[in-house]
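# Remarks on the overall topology
Now for the letters of each chain:
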Amino acid sequence: MDELVEAFATRKPSGLDQVYALWSRLFVSVARHVISDSALAEDCVHDALVRVWRSPNRFSGNREMLKAYLVTCVRNESLGMVRREGRRDARELKAARLAPVTSVDPPVVDPVEAQRLQGALGRLPEEQRAALTLAYYGNKTHVEIAQELNVPLGTIKSRISMAMRKLQTDLASPGGSRS
Amino acid sequence: MTEHLGEDAELYPLGMLDEDAARDVERHIASCSECAERVGQAQAVAASLAAALPLSTPSPALERRLRESTRPQPTAIRRVNLFPFALAAAFALAFLGLGWQSLVLQQRLKTQDVALVTMVHSHFNHVSMSPESANPVAAKILYARDGSWIYIIADKPGGSLHAIAQTEAGVADLGALGSSGETATLLVHPRDRIRSITLQRAGTDVASARLTY
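These lines cover the structure that appears in this document, whether it is placed above or below.

To continue, consider the overall build of chain A. Secondary structure assignment for chain A yields nine helices and zero strands. Along its sequence from the N terminus, chain A presents helices and strands in the succession α-α-α-α-α-α-α-α-α. Across the 179 residues in chain A, those meeting the buried criterion constitute 51%. Sequence-distant contacts, at least 24 apart, represent 66% of the contacts inside chain A between residues at least 6 apart. Carbon and sulfur atoms make up 52% of the accessible area of chain A, which amounts to about 8100 Å² in all.

Contacts between the two partners involve 48 residues from chain B and, on the opposite side, 59 residues from chain A. When the buried area of chain B at its contact with chain A is split by residue, Met16(B), Leu53(B) and Leu55(B) rank highest and sum to 13% of it. With a shortest N-O distance of 3.1 Å, Arg210(B) and Glu77(A) are connected by a salt bridge. The tally of links from chain B across to chain A stands at 21 residue pairs in polar contact (both at pLDDT 80 or more). Secondary structure elements with two or more residues in the side of chain B that touches chain A: helix 1 (8-11), helix 3 (33-49), helix 4 (60-70), strand 6 (161-167), strand 10 (194-201) and strand 11 (204-210) of chain B.

Take the pattern of salt bridges next. Taken as a whole and assessed by the stated rule, the structure comprises 19 salt bridges over all chains. Linking Arg67(B) and Asp17(A) is a salt bridge whose minimum nitrogen-to-oxygen distance equals 3.2 Å. Pair noted here: Arg67(B) is in helix 4 and Asp17(A) is in helix 2 (residues 13-34), and the two residues belong to different chains. The exposure class of Asp17(A) is partly exposed, given its relative accessible area of 31%. Glu126(A) is paired through a salt bridge with Arg129(A); the nearest N and O atoms lie 2.5 Å apart. Of this pair, Glu126(A) and Arg129(A) both sit in helix 7 (residues 126-136), three residues apart, which is roughly one turn of that helix.

Glancing now at the packing of aromatic side chains. Pairs of aromatic rings are described using the distance from one ring centre to the other and the angle between the two planes. Under the definition given, this model contains four aromatic pairs over all chains. Here the aromatic rings of Tyr136(A) and Tyr137(A) are separated by 5.0 Å at their centres, their planes lie at 80°, and the arrangement is edge-to-face. We note that Tyr136(A), like Tyr137(A), is buried. Residues Phe124(B) and Trp149(B) carry aromatic rings whose centres are separated by 5.9 Å and whose planes lie at 50° to one another, so their mutual orientation is tilted.

Calculation notes
- Residues numbered from 1 in each chain as written.
- Chains lettered and ligands numbered in written order.
- Predicted model: local features only at pLDDT ≥ 70, side-chain atom pairs only at ≥ 80, totals over all residues.
- Heavy atoms only, no water.
- Helix = DSSP H or I, 4+ residues; strand = E, 2+ residues; numbered from the N terminus.
- Buried < 20%, exposed > 50% of the residue type's maximum accessible area, 1.4 Å probe, protein only.
- Contact = heavy atoms within 4.5 Å.
- Areas by Shrake-Rupley, 256 points an atom, 1.4 Å probe, with all protein chains shown as cover.
- Buried area = accessible area lost by both parts, 1.4 Å probe.
- Salt bridge = Lys/Arg side-chain N within 4 Å of Asp/Glu carboxyl O.
- Polar contact = N/O pair within 3.5 Å; in protein donor to acceptor, adjacent residues only side chain to side chain.
- Phe/Tyr/Trp six-rings, centres within 6.5 Å; stacked < 30°, edge-to-face > 60°.

Here it is in structure tokens:
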């Protein structure tokens with residue numbers, strides 16, 4: 001098992017230190033994309049990490065999987081807070097109008113990865129890209145996306161699912177991910 | 001084995017599922033390696049999508065809070081004799097539901113335990129705990145609006161339950177719930193205000209709730 005993952009999973013302080021040093025900016029960026037209030041966004045990061053820390057048996061895998069898992073926890077915690085407390089603030093509305101990759105103004109979380117992502121998103125069929133963009137960067141529910149694009153709910157789910165799977169293949173491919 | 005997840009595997013890491021559906025996914029992948037792998041791949045894609053987000057920098061306070069919250073702490077909770085408080089909580093719940101004003105009760109309680117009187121006369125909130133596992137427990141928390149006491153009641157606990165609290169000062173181990181027949185209860189007077197409580201059975205989270213004041 002990866003040293004960092006093992007340290008985190010066994011609740012060694014060094015595990016949390018490394019996770020924080022490597023990914024705290026990523027986590028806060030993910031949370032603040034959902035919640036503009038920085039204190040609330042940090043609350044979500046804090047609560048998500050502490051919850052995982054207290055239940056280490058929920059996770060097994062390598063370092064990249066841990067990162068992806070924690071990013072999911074932070075995003076879900078943030079969206080959960082918004083839904084619970086009805087905080088759909090200006091940032092969300094603004095984010096909903098953003099075309100994510102074409103509107104990347106530095107600094108972004110990871111400029112190199114963002115460029116790879118831009119290429120991969122550009123290779124998606126337009127209808128899949130639109131649905132995924134509204135879902136992730138617009139923080140919209142599939143119901144809202146279905147209304148906005150005027151297509152059935154099931155179709156939206158399928159488009160997003162397909163888009164995610166194509167991105168996974170594309171980003172995993174050394175040749176395909178170059179843009 | 002139930003049916004595989006299908007498209008929910010990709011919707012889950014995007015945060016597009018409601019809380020019930022998200023819990024269904026978490027329950028399913030705990031016992032289905034095929035779907036766990038598919039969700040893991042989708043999580044990796046979601047993490048890649050985050051690369052294009054505007055960069056935000058955490059405040060120094062976040063690191064401090066995380067260190068405090070994850071530092072093992074001795075129990076910082078003053079345990080108290082449960083019985084009078086349990087009795088008081090039962091009274092209080094009944095009276096809350098009935099909307100009965102406490103006038104008559106005051107007369108009856110004057111000669112009883114001071115703690116019981118204090119509790120019944122407190123302004124308190126209550127919250128149902130959300131299930132956190134495939135084998136959850138039905139539980140409720142009553143707590144003083146000023147945070148001075150917390151009373152946890154679990155119905156048919158199905159084993160020993162342990163309460164962990166997230167307080168303003170960090171994580172605190174509240175201790176085990178005392179079992180009595182079909183219920184288990186715990187009353188504590190926390191030193192620091194509690195923000196959330198998680199019940200664990202054999203080290204696994206089974207229910208949780210956030211407290212608002």
